[in-house]
Amino acid sequence: MTRTALVTGGSRGIGEAISRKLNAEGYTVVATYAGNDEKAAAFTAETGIKTYKWNVADYEASATGIAQVEAESGPIDIVVANAGITRDAPFHKMTPEQWKDVIDTNLTGVFNTIHPIWPGMRERKFGRVIVISSINGQKGQFAQVNYAATKAGDLGIVKSLAQEGARAGITANAICPGYIATEMVMAVPEKVREAIVGQIPAGRLGEPEEIARCVAFLASDDAGYVNGSTISVNGAQFFV
Ligand code: CAA
């Protein structure tokens, strides 16, 4: 039977590449998005992948949306918690709103996405939880106290879920992308970005597809004993 995969933030950036890759691998893929209706419609028209709009920071919206997805596309076997935002500022300038927006979306949003899906995975004795963290959750980053806190938090989430899910056939793993050529990274001022690329031994930004291929592996039956791990995909920029 075809497995169903949910990718949050799955119509743009790294999430788009993940949705396309899982679709190409034969999964039934469903993608969520937060705001860009035009992009989501174009993505669905091109790929045939259904998109649903809800705010991952809102638990009720997530639970309702997930129930609708499962009614329409079947139980979710694979969840990729990818949706995330940045609100970068040096700490002395960071506002409580910038802190809260990032925590609500990137950290609480991961809880809100996985929590409604988890009981069904436990019942069916199969699940793949994949959380897209970041190199900056591993090493910290100037102007990203909020973002780094959430991405480090992701690692705590998967290490704990891995222990809870292992006996129920569920794995939980994180991927820590380095700097990938997406709108999020392109929003970094050019000079700063050039300096960052200068620190990457590979000498280039990563491609979204390089993250998507790791997700496809973690989603597969081959990865059943990979559980609680963190896969770094960063062109040798940082080693844990
Ligand atoms: N390391 C050290 N110093 C840095 C720095 C860095 N990485 N980035 C900026 N600075 C310095 C600047 O040179 C400047 O120094 P001076 O005052 O001596 O000139 C100072 O910090 C910044 O001062 P400003 O008050 O002008 O800063 P600002 O309020 O305008 O904020 C900024 C600018 C938001 C920090 C901007 O520089 C920026 O966006 N930096 C990039 C942060 C970053 O890497 N974010 C990652 C985004 S991509 C992502 O998050 C995806 C992922 O998972 C990898």
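None of these values were measured; they are calculated from a predicted model.

(A) Representation of the overall build of the protein chain within the structure. Helix and strand content of the protein chain: 10 helices and seven strands. Taking 2.2 N^0.38 as the reference for a compact globule, 240 residues should give roughly 18 Å; the C-alpha atoms of the protein chain span a radius of gyration of 17 Å, in line with that estimate. Considering only C-alpha atoms, the protein chain reaches an extent of 50 × 40 × 35 Å along its principal axes. Scored against the burial criterion, the 240 residues of the protein chain give a buried share of 49%. Within the protein chain, counting contacts between residues at least 6 apart in sequence, those at least 24 apart form 69% of the total. Accessible surface computed for the protein chain: about 11,300 Å², of which carbon and sulfur atoms make up 54%. Within the protein chain, the 25 negative side-chain charges are centred at a point lying 4 Å from the centre of the 22 positive side-chain charges.

(B) Expanded view of the site of the ligand. The full set close to the ligand counts 19 residues, and Asp88, Lys93, Ser134, Gln144 and Tyr147 are the nearest of them. Contacts to the ligand include Asp88, whose side-chain N or O atom sits 2.7 Å from a nitrogen atom. Contacts to the ligand include Tyr179, whose side-chain N or O atom sits 3.2 Å from an oxygen atom. Surface burial for the ligand is 57%, taken as the share of its 1,000 Å² of free accessible area covered by protein chains. The set of elements that each furnish at least two residues to the shell around the ligand consists of α8 (183–186) and α9 (190–198). Its residues assigned to classes, the shell around the ligand shows 11 nonpolar, six polar and two charged.

(C) Structural detail: a nonpolar patch on the surface. A cluster of nonpolar side chains, contributed by Phe91, Trp99 and Val145, occupies part of the molecular surface with about 310 Å² of accessible area. Take Trp99: it is sitting in helix α4 (residues 96–114).

(D) Quick look at helix α2 (residues 37–47). Along α2, the residues classified as buried are Ala40, Phe43 and Thr47. For α2, the angular spread of buried residues about the axis comes to 60°, placing them on one side. Exposed side of α2, more than 90 degrees from the buried face: Glu38, Ala45 and Glu46 are the residues found there. In this structure, the buried side of α2 is in contact with α1 (13–24), β2 (28–33) and β3 (50–53). Remark: Gly48 follows α2 within two positions and exhibits a positive phi of approximately 80°.

(E) Expanded view of helix α3 (residues 59–73). Here α3 spans 21 Å end to end across 15 residues, near enough to the 21 Å set by a 1.5 Å rise per residue. Among the residues of α3, those classed as buried are Ser62, Gly65, Ile66, Val69 and Ser73. Seen end-on, α3 carries its buried residues on one side only, within an arc spanning 100°. When the buried face of α3 is taken as reference, the exposed residues oriented beyond 90 degrees from it are Glu60, Thr64 and Ala71. Those residues of α3 that are buried lie in contact with β1 (4–7), β2, β3, β4 (76–81) and α4. Of the residues that open α3, the one with a side-chain oxygen 3.0 Å from the backbone nitrogen of Glu60 is Asp58. A positive backbone phi angle near 95° is found at Gly74, which sits one or two residues after α3.

(F) Molecular detail of the layout of surface pockets. If you add up the space inside the largest pocket, you get close to 1,200 Å³. What lines the largest pocket is a set of 48 residues, and nearest its centre among them are Gly84, Ile85, Thr86, Tyr147 and Met184. Breaking the lining of the largest pocket down by element, the ones donating at least two residues are α1, β2, α6 (135–139), α7 (145–165), α8 and α9. Looking at the lining of the largest pocket residue by residue, the class counts come to 23 nonpolar, 20 polar and five charged.

(G) Expanded view of the packing of α1 against helix α10 (residues 208–219). Two elements in contact, α1 and α10, have axes separated by 8 Å at closest approach and are oriented at 50°. It follows that α1 is oblique to α10 by the angle criterion. As α1 packs across α10, the resulting crossing turns out to be right-handed. Touching Gly13, Ile14, Ala17, Ile18, Lys21 and Leu22 of α1 are Pro208, Glu209, Ile211, Ala212, Arg213, Val215, Ala216 and Ala219, all from α10. Taken together, the residues that form the contact of α1 with α10 break down as 10 nonpolar, one polar and three charged.

Cut-offs and rules
- Residues numbered from 1 in each chain as written.
- Predicted model: local features only at pLDDT ≥ 70, side-chain atom pairs only at ≥ 80, totals over all residues.
- Heavy atoms only, no water.
- Helix = DSSP H or I, 4+ residues; strand = E, 2+ residues; numbered from the N terminus.
- Rg over C-alpha atoms; globule rule 2.2 N^0.38 Å.
- Buried < 20%, exposed > 50% of the residue type's maximum accessible area, 1.4 Å probe, protein only.
- Contact = heavy atoms within 4.5 Å.
- Areas by Shrake-Rupley, 256 points an atom, 1.4 Å probe, with all protein chains shown as cover.
- Lys, Arg positive; Asp, Glu negative; His and termini not counted.
- Charge placed at Lys NZ, Arg CZ, Asp CG, Glu CD.
- Near = heavy atom within 4 Å.
- Polar contact = N/O pair within 3.5 Å; in protein donor to acceptor, adjacent residues only side chain to side chain.
- Nonpolar A, V, L, I, M, F, W, Y, C, P; charged D, E, K, R; others polar.
- Patch = residues over 30% accessible without salt bridge, like charges linked within 9 Å, V, L, I, M, F, W, Y side chains within 5 Å.
- Salt bridge = Lys/Arg side-chain N within 4 Å of Asp/Glu carboxyl O.
- Arc of directions from axis to C-beta.
- Expected span 1.5 Å × (residues − 1).
- 1 Å grid on protein atoms, 1.4 Å probe; cavity = no way out; pocket = protein on both sides within 12 Å on 5 of 7 lines; lining within 4 Å.
- Points joined across faces, edges and corners; volume = space filled by probe spheres on them.
- Axes fitted to C-alpha atoms, helices over the stretch in contact; angles between N-to-C directions.
- Parallel < 35°, antiparallel > 145°, perpendicular 65-115°, else oblique.
- Left-handed = near helix turned anticlockwise from the far one by under 90°.

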